[in-house]
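# Structural characterization, general
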Amino acid sequence: MSTMPEEHTRARIVRARLIAAVWIAILAIFVAAGLAGFFGVRTGIASATSGGFRLEVEYPRITRSALPMKWQLTLSRVGGFDGRVRIATTIGYFELFDISWLHPAPAEERSAGGRTVWIYDPPPGDSLVLLLDGRIGPGLESGRAANTAVSIDGTRVVDVSYETMVWP
Amino acid sequence: MEIVIRSLVLYLFIWVLIRALGRKELTELSAFELLLLIVMGDLIQQGVTHEDMSLTGAMLTVSTLALITLTSSFLSFRFRKLRPIIEGISVVVLRDGELDEAAMRLERLTSEDVKEAARLQGIADIGEVRLGVLEGDGKFSFLTSSGEGGMKEQPGPDA
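As a starting point, this report considers the structure included with it.

## Side note on the overall build of chain A
Along the backbone of chain A there are one helix and ten strands. Starting at the N terminus and walking to the C terminus, you meet the elements of chain A as α-β-β-β-β-β-β-β-β-β-β. Over its C-alpha atoms, taken along the principal directions, chain A stretches across nearly 90 × 30 × 25 Å. Taking all 168 residues of chain A together, the buried fraction comes to 39%. For chain A, the proportion of contacts with a sequence separation of at least 24, taken over those separated by at least 6, is 66%.

## Here we look at the overall build of chain B
Scanning chain B from terminus to terminus reveals seven helices and five strands. When the helices and strands of chain B are read in sequence order from the N terminus, they spell out α-α-α-α-α-β-β-α-α-β-β-β. Looking at chain B residue by residue over its 159 residues, the buried ones come to 35%. Partitioning the contacts of chain B with sequence separation of at least 6, the portion at a separation of at least 24 is 60%. As presented, chain B carries roughly 9,800 Å² of accessible surface, and 64% of it is formed by carbon and sulfur atoms.

## Details of the environment of Leu-35 of chain A
Relative to the helices and strands, Leu-35 of chain A is located in helix H1 (residues 10–35). Residue Leu-35 of chain A is classed as partly exposed on the basis of its relative accessible area, which comes to 37%.

## Overview of the interface of chain A and chain B
Contact residues are listed per partner, giving 17 residues for chain A and 18 residues for chain B. For the pair chain A and chain B, the two sides together bury roughly 1,500 Å², of which 72% comes from carbon and sulfur. In this structure, the connection of chain A to chain B is made through one salt bridge. Connecting chain A to chain B are four residue pairs in polar contact (both at pLDDT 80 or more). Counting residues per element, the side of chain A that touches chain B draws most heavily on H1 of chain A, which supplies seven residues. Grouping the amino acids of the side of chain A that touches chain B by side-chain chemistry returns twelve nonpolar, three polar and two charged.

## Re the pattern of salt bridges
All names here are of chain A. Tallied over the entire structure, the rule returns nine salt bridges over all chains. Arg-54 is the partner of Glu-56 in a salt bridge, and the nearest nitrogen-oxygen pair spans 3.2 Å. Overall, the relative accessible area of 26% leaves Glu-56 in the partly exposed class. Accessibility expressed as a relative area gives 34% for Arg-54, which makes it partly exposed. With its nearest N and O atoms 2.8 Å apart, the salt bridge here joins Glu-108 to Arg-110. You can call Arg-110 partly exposed: its relative accessible area is 39%. Members of the salt-bridge network, linked through shared partners, are Arg-84, Glu-108, Arg-110 and Asp-121.

## Observations concerning the nonpolar core
Residue and element names in this part refer to chain A. Ranked by size, the top nonpolar core spans 32 residues in total, and within it Trp-71 and Leu-75 carry the most contacts. For this core, the element with the highest residue contribution is strand S10 (residues 155–167), accounting for five residues. Residue contacts for Leu-75: discarding those within four places in its chain leaves Phe-53, Arg-54, Leu-55, Phe-81, Val-85, Asp-126, Ser-127, Leu-128, Val-150 and Val-158.

## Here we look at helix H4 (residues 55–78) of chain B
Because the α-helix completes a turn every 3.6 residues, residues three or four places apart line up on one side. In this model, H4 of chain B (24 residues) spans 34 Å end to end at C-alpha, consistent with the 34 Å of a helix rising 1.5 Å per residue. Listed in full, the buried residues belonging to H4 of chain B are Thr-56, Gly-57, Leu-60, Thr-61, Ser-63, Thr-64, Leu-67, Ile-68 and Ser-76 of chain B.

## Looking at the packing of aromatic side chains
Residues and elements named next belong to chain A. This structure, assessed with the given rule, holds 14 aromatic pairs over all chains. Taking the centre distance of 5.7 Å and the plane angle of 55° together, the rings of Phe-38 and Trp-167 count as tilted. With Phe-38 in the loop between H1 and strand S1 (42–50) and Trp-167 in strand S10, this pair connects stretches of sequence that are 129 residues apart. Residue Trp-167 is classed as partly exposed on the basis of its relative accessible area of 21%. Grouping aromatic residues by their ring pairs yields a cluster made of Tyr-59, Trp-71, Tyr-93, Phe-94, Phe-97, Trp-118 and Tyr-162.

## Section: the side chain of Arg-115 of chain A
All names here are of chain A. Here Arg-115 shows up in strand S7 (residues 115–120). It is Asp-159 that comes nearest to the buried, bridge-free Arg-115 among opposite-charge side chains, at 6.0 Å. Filtering out sequence-adjacent residues up to four positions away, Arg-115 remains in contact with Ala-88, Thr-89, Thr-90, Ile-91, Arg-110, Asn-147, Thr-148, Ala-149 and Arg-156.

Criteria and thresholds
- Residues numbered from 1 in each chain as written.
- Chains lettered and ligands numbered in written order.
- Predicted model: local features only at pLDDT ≥ 70, side-chain atom pairs only at ≥ 80, totals over all residues.
- Heavy atoms only, no water.
- Helix = DSSP H or I, 4+ residues; strand = E, 2+ residues; numbered from the N terminus.
- Buried < 20%, exposed > 50% of the residue type's maximum accessible area, 1.4 Å probe, protein only.
- Contact = heavy atoms within 4.5 Å.
- Areas by Shrake-Rupley, 256 points an atom, 1.4 Å probe, with all protein chains shown as cover.
- Buried area = accessible area lost by both parts, 1.4 Å probe.
- Salt bridge = Lys/Arg side-chain N within 4 Å of Asp/Glu carboxyl O.
- Polar contact = N/O pair within 3.5 Å; in protein donor to acceptor, adjacent residues only side chain to side chain.
- Nonpolar A, V, L, I, M, F, W, Y, C, P; charged D, E, K, R; others polar.
- Core = buried A, V, L, I, M, F, W, Y, C linked by side-chain atoms within 4.5 Å.
- Expected span 1.5 Å × (residues − 1).
- Phe/Tyr/Trp six-rings, centres within 6.5 Å; stacked < 30°, edge-to-face > 60°.
- Lys, Arg positive; Asp, Glu negative; His and termini not counted.

Honestly, it's all geometry; don't read function into it.
Shown next as structure tokens:
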């Protein structure tokens, strides 16, 4: 039995090269998208102002699984705070993360109405800054949307919505 | 973005390192060189992926390395002047049965290295060899004076 390879027409060889060229183009686009930061890591800032309060949340907008992340909330009000600050965030959102620590630690923490609730005693000064450190949990997550709302003594004063997209 | 740049930089670094090691080492690894390559692989992986254990990160790294390989292959094909830099050059180390000592010294080859390569190709006497060449990829080619079989390629490790 002959071991000679099958002879192909020039048209077939050209077609095979074209298919290879298409694959290379796809590869190049994928790498270019990576260079442009399409797959993260990108940080987003969601902010809102209402009733003299300004709420700003810095969050991972596009990221990948198992990478370090930073979530930071800054609440400010000229004249300071005169009541307990209640910060409530969509409960499923923090399931995206393996959380290392939250600073400062809340006076109270609980889950209520589908939200993770942190309660702080009136902070000194004009602003309260919360920093959450951790990393994106491993796995095939696609991302989560969240809403963070701030209430002072039971009255909602300001809230922001944002979304984190996670590439596997 | 970072992971693509890290892949690119470390690929170029390894390429320079392997070129600096010399062609002989490409096919004949001493214990130290084997150790270096094994350890290097592990260290390079950490340098490229850092803390990134994601599927996307792994795909980006591999895609970047594949594209660099394709690009260097294209550059070598398209620009003749780049070919020696990218692929290395062939050096004649044996001519009409005589070893070229100067060329061998430059390539850090001993006469035993050349004799061993010849033996592996079934050549009993280097006097039979019209031309012995150390190719750019570190393999030896021998053209015997009988002319039978033409250029003989040194079998690869899987042969």
